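Descriptive structure summary
Listed below are the residues making up each chain.
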Amino acid sequence: MQLRFSPLTLELRHAFTLAASSRTTTPAMLVELEHDGLTGYGEAAMPPYLGDTQSTATAFFGCLNASRWTDPFRTEEILAEIDALVPGNTAAKAALDIALHDWIGKKLGLPLHKLWGLDAARAPVTSFTIGIATPEIVRQKTREAEPYHMLKVKLGRDTDQQLIETIREITDKPLLVDANQGWTDREDALRMSEWLAARGVVLIEQPFAKTALDDTAWLRERSPLPLIADESAQRLTDVARLRGVFDGINIKLMKCTGLREAHRMITAARALEMKVMLGCMTETSCAISAAAQLAPLADWADLDGALLITNDPFDGATFDNGRILPSARPGIGVRRRVTS
Ligand code: MG
């Protein structure tokens, strides 16, 4: 195969503010794997907290010898080889995994969800993220989210309750809340989870620091709301130790190295009777459409990343009545947008 890669800086529609940071762009890399007249597309989206950058991804891609991959169907071998090269670089690895899967789907003329035996119509409702912002901006974002039936709210500041109340002035849609490791006190967390449950919140993502599993298990015993692991659940090897600590896991392609491992994490979570959320970074429709191919296997989808940027070079997965639908086109199902 022939590998091509280029940097792309994703421009965010609104400044993206989390408990610990704020930014207006996300660095990304676009990848193409070409073989036998077909090109598979992939993407690495690298929000700063992941630790990858355009230069670390470029260095990683630069040390690969893609011409050795003469049979792209040998994904087990190829992806294991890529993963074993260095620890980390999970987003760059995901870009290659997505491009390889896209190529295979195109070669077979099928969208990936068909190859995995999934019914596109079973894809869940997707949430639309409302970041931490002033009440005016929160009202504006809540109104912009009108087509979506579920909202996700980033918490982790002392204005959290005001943020929820502001959204509740506008809408009574179900809310997912993401504390992004921002909570530190067990009793405060329990009171907050009870307060949130009374206001139509349906789950809490990553209440405590990713290593604070004792605090999380304590809260899970008492909380009226299910707890979902994000930062605590990076890869397949993390899933089993989270049983009894969290109720479910939020799987993101950029954390877990791509579709192959994401599919395995879903299988592992189901075997452990845990719930599954499919999440994303701010990403183009390339990585979002790849994740959407797995969406029929998830309980919740949080795949709004491409809606949050203004320079998406692709179209692919679509939204229908609040649900994300995997594209019926082969592979991950994306096309490059024609630019004038
Ligand atoms: Mg999260």
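Residues numbered from 1 in each chain as written. Predicted model: local features only at pLDDT ≥ 70, side-chain atom pairs only at ≥ 80, totals over all residues. Heavy atoms only, no water.

**With respect to the sheet that holds strand β9 (residues 248–252)**
- On the basis of which strands lie adjacent, the open sheet formed by eight strands has the order β4-β5-β6-β7-β8-β9-β10-β11 and parallel pairing. The open sheet has two edge strands, β4 (127–130) and β11 (300–301), and neither has a second partner.
- With two bridges joining them, strand β8 (residues 227–229) and β9 adopt parallel strand pairing. Residue pairing for β9: Ala229 is matched across the bridge by Ile249. (Pairing = 2+ DSSP bridges. Helix = DSSP H or I, 4+ residues; strand = E, 2+ residues; numbered from the N terminus.)

**Some words on helix α11 (residues 259–271)**
- Over its 13 residues, α11 extends 18 Å from the first C-alpha to the last, a length consistent with the 18 Å expected when each residue adds 1.5 Å.
- Buried within α11 we find Leu259, Arg260, Glu261, Ala262, Met265, Ile266 and Ala269.
- Once α11 ends, the next one or two residues include Glu273, with phi positive near 55°. (Expected span 1.5 Å × (residues − 1). Buried < 20%, exposed > 50% of the residue type's maximum accessible area, 1.4 Å probe, protein only.)

**Considering the domain arrangement of the protein chain**
- Assigned domains of the protein chain: these are domain 1 (2–109) and domain 2 (114–336).
- Summarising the inter-unit geometry, the C-alpha centres of domain 1 and domain 2 are found 22 Å apart.
- Listed as interface residues are 40 residues of domain 1 and, on the opposing side, 43 residues of domain 2.
- Regarding the contact of domain 1 and domain 2, the summed buried area is about 3,500 Å², with carbon and sulfur atoms giving 61% of it.
- In this structure, the connection of domain 1 to domain 2 is made through four salt bridges.
- Salt-bridge contacts for Arg336 lead to Glu32; the nearest nitrogen and oxygen are separated by 3.5 Å.
- Joining domain 1 to domain 2, the criterion identifies 20 residue pairs in polar contact (both at pLDDT 80 or more).
- If you list the elements that add at least two residues to the side of domain 1 that touches domain 2, you get β1 (2–17), β2 (22–35), β3 (38–45), α2 (75–85) and α3 (90–108).
- Take the side of domain 1 that touches domain 2: its biggest share by element is eleven residues, from α3.
- For the side of domain 1 that touches domain 2, the class distribution of residues is 20 nonpolar, nine polar and eleven charged. (Domains from an automatic or database assignment. Contact = heavy atoms within 4.5 Å. Buried area = accessible area lost by both parts, 1.4 Å probe. Salt bridge = Lys/Arg side-chain N within 4 Å of Asp/Glu carboxyl O. Polar contact = N/O pair within 3.5 Å; in protein donor to acceptor, adjacent residues only side chain to side chain. Nonpolar A, V, L, I, M, F, W, Y, C, P; charged D, E, K, R; others polar.)

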